[in-house]
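Observations on chain architecture
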Amino acid sequence: MNKIKNLFQSNDSKHGSYTLAMTSIVIAIVIIFNMIVNLVPENMRQIDISSTNIYEISSKSEKIIKNVDDDVTFYVLAQKDSTDKRIKTFINKYASLSKKIHVEWIDPVLHPSALTKYGTEENNIVVSCKKTNRKITVSFDDILVSDSSSYYSTSSSSASQFDGDGQLTSALNYVTSTKEYKAYYTSGHGESSLSSEVTSLLTKSRISTSDLLLMTATSIPDDCDVLIIDGPTSDFTKDEIKLLSSYLKKGGKVVTLLAQTDKSMKNFYGLLKDYGLNVESGYIADTERSYQGNYYYLVPNLSVSGDMASGITSNSVMMVNSKGMTQSTPTRDSISTEAFMTTSSNGYAVTDKKQTQGTYVLGATATESVKVKNSKGKKVTKESRLTVYGSNMLIDSQVASSFSSLENLTLFTNSVTASLDNADNVSISPKSLEVTYNTIAHPGPFSILVVFVIPLALIIGGFVVWFKRRRR
């Protein structure tokens, strides 16, 4: 018995007891820390290390989410266990940003009647708001966008883009708002057709689009919230210019993109001159601000603010084969014209005969306050707005896809939504999946402490024992 007592009274036993006590204390810290961290919102317990941050919630989305006052439910009709992890991760992170957003998973295998109830199919998200009585369906295929071209080359399709941010925010904006907008785009003058990328982005902002043949029109339609003129290569008639001028004088909104053409554009350019913008001859080159020495691939100085700056983070815009403008005095004192995109002072207007150096306008907006009669016959003040870009290549799908970091489409959609009353630009472009994406979910405080803190505590404890022995 004395030997046993002496064993527990030995220095080694005391040091072992000390280490055991240290371990017990650390385990207690682990449990308490685990309880605290589990209270942290899920979006703060995940780390996104993807190359282009597919799980990142954009500032546009955060703004929309923050302003949600009514309860919105995401009914996810899918088998949760077999749903792509990227979709599940994003839905959870998105919903965690607001107490007004609720997520309800419904297994259509266990509850087949749910598909009839919500009027949809499996692998869809029904976004619904009881207050506005509006709902919309988002397909998983719209979130994980497949590359159709790969199907023809490999007989199988794979996801090439992730559009969770754009699709969910567009749906959220739709069900919480009742206002919708209409954009017309002109035809009959060699204009380019709006690409599917552009119309998709406009749709996300609740803007539908329709073709307008000015030659057969007697006026701009009353439901036209904004008129888009995309790269005309032949001139407008004088009667068509009268329609456009009358529309602007009544508070209309026009966004136009110029294009290179050998034909005279006297009438159309004359309208732009009325608003203080002179279109120069030739192509614009810039020896200072160009892409890798290609002087006609311009990287302009961009100066935007307010609604025009929404979602613009890098000022990375490219203008290819652009026309250039210089500012002059508008025909009416009430017109205010401001350039938001220019070349450097080493810009050149290049023609077959000469090269004229100067700073050229590549993007500008002219506004005018006008008095018009409303539906009740009462005079009210409206603002007409004319936005002009030097090149329709700004929204060319090939340019946008070749340079994924460009903010061309964001700038364009900003100029459209800035022309509309109370419209939010929620036109969020999909993110590429061309590179490998990974999400490291927070491994949990217990795992972290077991892996790092406990060994560290034991090392410290051992050092204390060693130090005491040295002192003796």
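Computed from a prediction, not measured in an experiment: that's the story for all the values here.

Each regular strand carries side chains that alternate between the two faces of the sheet. Among the 6 residues that make up strand β4 (residues 124–129), 6 are buried, leaving the element largely enclosed by the rest of the structure. With burial as the criterion, each face of β4 is covered, one bearing Asn124, Val126 and Ser128 and the other bearing Ile125, Val127 and Cys129. One ladder, built from 6 bridges, connects strand β2 (residues 72–77) with β4; its direction is antiparallel. Paired with Val76 across the bridge in β4 is Ile125. Here β4 pairs with strand β5 (residues 134–139) via 6 bridges, running antiparallel. Directly across from Cys129, in β5, lies its bridge partner Arg134. Between β4 and the antiparallel strand that follows it, β5, lie 4 residues; Asn133 among them carries a positive phi value of about 60°.

In low-pLDDT segments, the atomic positions of the prediction should not be examined closely. A residue-level look at the protein chain finds 77% of positions with pLDDT of 70 or above and a mean pLDDT of 84. Between residues 150–155, whose pLDDT stays under 50, and residues either more than four places distant or in other chains, the model counts 6 contacts. Below pLDDT 50 for its whole length, residues 436–451 participates in 35 contacts with residues either more than four positions away or in separate chains.

On to the packing of helix α4 (residues 85–95) against helix α8 (residues 164–176), then. Any two packed helices are characterised by how steeply their axes cross, that is the angle between the axes, and by the distance between the axes. The N-to-C vectors of α4 and α8 enclose an angle of 45°; their axes lie 11 Å apart at closest approach. Of the possible angle classes, the one that applies to α4 and α8 is oblique. Crossing of α4 against α8: the hand is right-handed. Of the residues in α8, those touching α4 at Phe90, Ile91 and Tyr94 are Gly164, Asp165, Leu168, Thr169 and Leu172.

A few words now on the pattern of salt bridges. Applying the stated criterion across every chain, the model contains 6 salt bridges. Asp70 serves as the salt-bridge partner of Lys131, at 3.7 Å between the closest nitrogen and oxygen. Here Asp70 lies in the loop between α3 (59–66) and β2 and Lys131 lies in the loop between β4 and β5, a separation of 61 residues in the sequence. A relative accessible area of 64% means that Lys131 is categorised as exposed. What makes Asp70 partly exposed here is its relative accessible area of 22%. A salt bridge links Glu368 to Arg332; the shortest N-O distance between them is 2.9 Å. In this pair, Glu368 sits in strand β22 (residues 361–373) while Arg332 sits in the loop between β18 (325–327) and β19 (335–342), placing the two residues 36 residues apart along the sequence.

On inspection of all chains with the given rule, the structure shows 10 aromatic pairs. A cation over a ring is seen here: Arg134 above Tyr174, with NZ or CZ 4.0 Å from the ring centre.

By the secondary structure assignment, His189 is in the loop between β8 (181–187) and α9 (196–204). If we skip the residues at most four places from it in the chain, His189 touches Leu214, Pro232, Thr233, Ser234, Asp235, Phe236 and Glu240.

Glancing now at unusual backbone geometry. If you check the backbone angles, Asn133 has positive phi at about 60° while not being a glycine. Inspection of the secondary structure puts Asn133 in the loop between β4 and β5. Here Asn133 falls in the exposed class, since its relative accessible area comes to 71%. In this model, Asn315 sits at a positive phi of 55°, which is unusual for a non-glycine residue. Position of Asn315 among the secondary structure elements: in the loop between β16 (301–302) and β17 (319–320). Look at Asn315 and you get partly exposed, because its relative accessible area is 37%.

It is worth spelling out the sheet that holds strand β13 (residues 283–286) at this point. Spatially, β13-β20-β21 is the arrangement adopted by the 3 strands of the open sheet, whose pairing is antiparallel. The sheet terminates laterally at β13 and β21 (355–358), the two strands that pair on one side only. Averaged over all pairs of adjacent strands, the angle between their axes in this sheet comes to 30°, without regard to strand direction. With 4 bridges connecting them, strand β20 (residues 347–350) and β21 associate as antiparallel partners. Paired with Ala349 across the two strands is Thr356, which belongs to β21.

The next point concerns a nonpolar patch on the surface. On the surface, Tyr283, Tyr295 and Tyr296 cluster together into a nonpolar patch covering about 280 Å² of accessible area. Position of Tyr283 relative to the elements: it lies in strand β13.

Extensive coverage of β22 is indicated by the burial of 10 of its 13 residues. Pairing of β19 with β22, which is carried by 7 bridges, proceeds in the antiparallel orientation. Bridged to Ala339 within β22 is Ala364. The hairpin turn running from β22 into strand β23 (residues 379–389), its antiparallel successor, is 5 residues long, and Gly377 in that turn takes a positive phi close to 85°.

The rules we used
- Residues numbered from 1 in each chain as written.
- Predicted model: local features only at pLDDT ≥ 70, side-chain atom pairs only at ≥ 80, totals over all residues.
- Heavy atoms only, no water.
- Buried < 20%, exposed > 50% of the residue type's maximum accessible area, 1.4 Å probe, protein only.
- Helix = DSSP H or I, 4+ residues; strand = E, 2+ residues; numbered from the N terminus.
- Pairing = 2+ DSSP bridges.
- pLDDT = per-residue confidence, 0-100.
- Contact = heavy atoms within 4.5 Å.
- Axes fitted to C-alpha atoms, helices over the stretch in contact; angles between N-to-C directions.
- Parallel < 35°, antiparallel > 145°, perpendicular 65-115°, else oblique.
- Left-handed = near helix turned anticlockwise from the far one by under 90°.
- Salt bridge = Lys/Arg side-chain N within 4 Å of Asp/Glu carboxyl O.
- Phe/Tyr/Trp six-rings, centres within 6.5 Å; stacked < 30°, edge-to-face > 60°.
- Lys NZ or Arg CZ within 6 Å of the ring centre and 35° of its normal.
- Patch = residues over 30% accessible without salt bridge, like charges linked within 9 Å, V, L, I, M, F, W, Y side chains within 5 Å.
- Areas by Shrake-Rupley, 256 points an atom, 1.4 Å probe, with all protein chains shown as cover.

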